Amino acid sequence: MADGTAYYAFDHGPVRCVVLDTVNRHGGWQGSIDAGQLDWLHYELTACRDRPVILFSHHPIQTLVNDRRPPGAARRVLDDELRGFLLEHACVVAWINGHTHLHAVTAVGENGAPGGFWQITTASHIDWPQQARMIEILQADGAIAIACTVIDDDAAAEFAGIDEPAGLAALARELAANDWQVRDAITAEGGADAGTADDRNVILLVDWPRP
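Residues numbered from 1 in each chain as written. Predicted model: local features only at pLDDT ≥ 70, side-chain atom pairs only at ≥ 80, totals over all residues. Heavy atoms only, no water.

(A) A look at the sheet that holds strand 6 (residues 92-97). Pairing is mixed across the open sheet formed by six strands, whose spatial order is 1-2-4-6-8-7. Two strands close off the open sheet at either side, each with one partner strand: strand 1 (8-12) and strand 7 (104-108). For this sheet, the mean angle separating the axes of adjacent strands, direction not counted, is 20°. In this structure, strand 4 (residues 53-56) lies alongside strand 6, joined through four bridges in parallel fashion. What sits directly across from Leu55, in strand 6, is Trp95. Helix-sheet contacts for helix 1 (residues 35-47) involve strand 1, strand 2 (15-19), strand 4 and strand 6, and the interaxial angle to strand 2 is about 175°. Together, strand 4, strand 6, strand 7 and strand 8 (117-121) form the strand contacts of helix 2 (residues 79-87), whose direction differs from that of strand 6 by roughly 145°. (Pairing = 2+ DSSP bridges. Helix = DSSP H or I, 4+ residues; strand = E, 2+ residues; numbered from the N terminus. Axes fitted to C-alpha atoms, helices over the stretch in contact; angles between N-to-C directions. Contact = heavy atoms within 4.5 Å.)

Next up, the structure:
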């Protein structure tokens, strides 16, 4: 990051974690990366071909559609190109992101491609269902297990004052549940942006090691 870039990589035990900068600094709310970042990513993944790699970013892959740039600026790399590139690198096992404010777990793969990975998207803290997600990486027999657990905050179901931080959390929860855009979609099973049960508390498997 010494050169001012906002993408970087670090080790977490045997796993290589790669943080992408998917914000298009030329404007627009959807994402993309530039050609320089793609070159850097190629270097990282080539160096980690025998290690599991987990990607992190704000935007999920289907929202990388923003190709805005002024004349002379580096070209933007969008969803289809990046998806194809990642599937050529079998070391990538998961991509963790947000942006869409909903829980979603999607298998990303293609017949004939050497790779494939799980995309794990987590809801926002600002609106319903106001949940976080804990992700644990475990070594299994011939596989990597990715355990995803959705976490609720310790807030009351109804607001009763702001004498303590939990009271503010309860107020935020109540306001989120009464958002006119989603309140009619909230159900006992979750509804709205909570996703399905398979988008929340799940264990995802990836064959490892890969060829």
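(B) Structural context of the pattern of salt bridges. Under the criterion given, the structure shown has six salt bridges. The partner of Arg75 in a salt bridge is Glu81, and the shortest N-O contact between them spans 2.8 Å. With its nearest N and O atoms 3.3 Å apart, the salt bridge here joins Glu110 to Arg83. Of the two residues, Glu110 is situated in the loop between strand 7 and strand 8 and Arg83 in helix 2; the sequence distance between them amounts to 27 residues. We classify Glu110 as partly exposed; its relative accessible area is 48%. Look at the salt bridges and you will find they share partners, linking Asp11, Arg16, Glu44 and Arg51 into a network. (Salt bridge = Lys/Arg side-chain N within 4 Å of Asp/Glu carboxyl O. Buried < 20%, exposed > 50% of the residue type's maximum accessible area, 1.4 Å probe, protein only.)

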